[in-house]
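Residue-level structure breakdown
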Amino acid sequence: MNNNRSIFQHLALDFVSVTEQAAIAAAKWLGKGDSKAADQAAVDAMRGAMNQIDFSGEIVIGEGAKDEAAELYIGEKVGNGKGPMLDIAVDPLECTSSVAYGRTNSITVIAIGPKGSLYKAADSYMEKIAVGENGAKVIDLDAPVKTNIEKVAKALGKKVGEMTIAVIDRPRHQQLINDIRKAGACIQLFTDGDVSMAYATCIRESSVDMLMGIGGSTEAVLAAAALKCLGGQILCRWEPKDQKHIDRLNKAGVTDFKKILTVDDLVKGDDVAFTATGVLTGPMAEGIRLAKEHAHTDSIVISSKPNIIRHIMTKHAL
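The following refers to the structure shown.

Here is what the cut-offs are and how they apply
- Residues numbered from 1 in each chain as written.
- Predicted model: local features only at pLDDT ≥ 70, side-chain atom pairs only at ≥ 80, totals over all residues.
- Heavy atoms only, no water.
- Core = buried A, V, L, I, M, F, W, Y, C linked by side-chain atoms within 4.5 Å.
- Buried < 20%, exposed > 50% of the residue type's maximum accessible area, 1.4 Å probe, protein only.
- Helix = DSSP H or I, 4+ residues; strand = E, 2+ residues; numbered from the N terminus.
- Contact = heavy atoms within 4.5 Å.
- Pairing = 2+ DSSP bridges.
- Axes fitted to C-alpha atoms, helices over the stretch in contact; angles between N-to-C directions.
- Phe/Tyr/Trp six-rings, centres within 6.5 Å; stacked < 30°, edge-to-face > 60°.
- Lys NZ or Arg CZ within 6 Å of the ring centre and 35° of its normal.
- Parallel < 35°, antiparallel > 145°, perpendicular 65-115°, else oblique.
- Left-handed = near helix turned anticlockwise from the far one by under 90°.
- Nonpolar A, V, L, I, M, F, W, Y, C, P; charged D, E, K, R; others polar.
- Expected span 1.5 Å × (residues − 1).
- Polar contact = N/O pair within 3.5 Å; in protein donor to acceptor, adjacent residues only side chain to side chain.

**Regarding the nonpolar core**
Formed by 48 residues in total, the largest nonpolar core has its most connected members in Tyr119, Ile234, Trp238, Leu266, Phe274, Met284 and Ile302. Considering each element in turn, this core owes the most residues, ten residues, to helix α7 (residues 217-230). When neighbours within four sequence positions are excluded, Ile234 is seen to be in contact with Lys128, Ile129, Ala130, Ala220, Ala223, Ala224, Leu227, Leu261, Thr262, Val263 and Leu266. If you look at the next biggest cluster of nonpolar residues, it comprises 34 residues, including Ala12, Val16, Leu280 and Val301.

Here's what the structure looks like:
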């Protein structure tokens, strides 16, 4: 093992404390109906913890452009400046509304890689298909929904009727839902959290076989980091919702909205790490348990070098 690799592994574990602190801060707003306050608490905690770690980083995708986010905006420099140069993708609180209204499936999440390794672009929407390792070579973003489901089912050794497709519950997905039903597959609707659902396609114990639909670009890059380590695939194509998003993407250098991006476009090279802590229980991690004097967290660290998944349960004094 070379020194660069050992440093990178060490940093991946350092970032567990960052996602843990953000998760604990957000959990204090559980069910209080204020998603902005929950998100801001996570952002402040994450940024403060991150700036204590020995690295020089840049947020390549995060809370939005500088004029839209005061902290953890795209292009912001993070870390204490004393270590290696890193690209950082963050979602300080995925599923803010789930926290605000006490639902399920919320995480704090960070992906890290060497400078130039993570896809840098504006915050907008993407059409996506995500699958685990066995289906990675058979999906096609231009193919009919039925065709993709049938090919992945064959690759998994399943019948189409045994397939479960995760789709975020939005009006824009009504035609997609109709097509999945016509194909004969099962559907798991979820309110938010496509990073966790993309991850779930790679886990043998999960019932989710595919993720399909339109979701955020930040979530696409974060999901790609996890899938890259796990051998999965995500295919994406920009799907800006209005002229404001088109202008934002053009300003960031994106002009081709027909190009299909793969996991290798979103995460270059083979040196990446993904860290997440559960706020509310979902496919990736158990939610935080707040006691009188302690908080119990459940975190996951996925790395490509070495190719390891670590589950870390921690008891924090409050």
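**Here we look at the sheet that holds strand β8 (residues 210-216)**
With respect to topology, five strands assemble into an open sheet ordered β7-β6-β8-β5-β9, the strand pairing being mixed. Two strands bound the open sheet, and with one partner strand each, they are β7 (186-190) and β9 (233-238). In this sheet, neighbouring strand axes are inclined to one another by 20° on average, regardless of whether the strands run parallel or antiparallel. Relative to β9, strand β5 (residues 125-131) runs antiparallel, the two being bridged by six bridges. By the bridge assignment for β9, Ala130 is matched with Ile234.

**Points about the packing of aromatic side chains**
Taken as a whole and judged by the stated rule, the model has two aromatic pairs. In this structure, Lys32 is placed above the aromatic ring of Trp29, and the distance from its NZ or CZ to the ring centre is 5.5 Å.

**A closer look at the packing of helix α4 (residues 145-156) against helix α5 (residues 174-183)**
The description of two packed helices rests on the angle between their axes and on the distance between the axes. At their nearest, the axes of α4 and α5 sit 9 Å apart, and the two run at 50° to each other. When the interaxial angle is binned, α4 and α5 end up oblique. Pair α4 / α5 crosses with right-handed handedness. Each of Val145, Lys146 and Ile149 in α4 lies in contact with α5, whose residues at this interface are Leu176, Asp179, Ile180 and Ala183. For the contact of α4 with α5, the residue count by class is five nonpolar, no polar and two charged.

**Some details on helix α2 (residues 35-50)**
In a regular helix each residue adds 1.5 Å, so 16 residues correspond to 22 Å; α2 covers 22 Å between its end C-alpha atoms and thus fits that length. Turning to α2, its buried residues are Ala37, Ala38, Asp39, Ala41, Ala42, Val43, Ala45, Met46, Ala49 and Met50. Its side-chain oxygen placed 3.4 Å from the backbone nitrogen of Lys36, Asp34 serves as the N-cap of α2.

**Things to note about unusual backbone geometry**
Residue Lys305 is joined to Pro306 through a cis peptide bond whose omega torsion reads -5°. Summarising the element assignment, Pro306 is placed in the loop between β12 (294-304) and β13 (307-317). Phi at Leu72 takes a positive value of approximately 55°, unusual for a residue other than glycine. Tracing the chain through its elements places Leu72 in the loop between β1 (56-61) and β2 (77-78). Judged by relative accessible area, Leu72 falls into the buried class, the value being 0%. Despite not being glycine, Cys95 has its phi angle at roughly 75°, a positive value.

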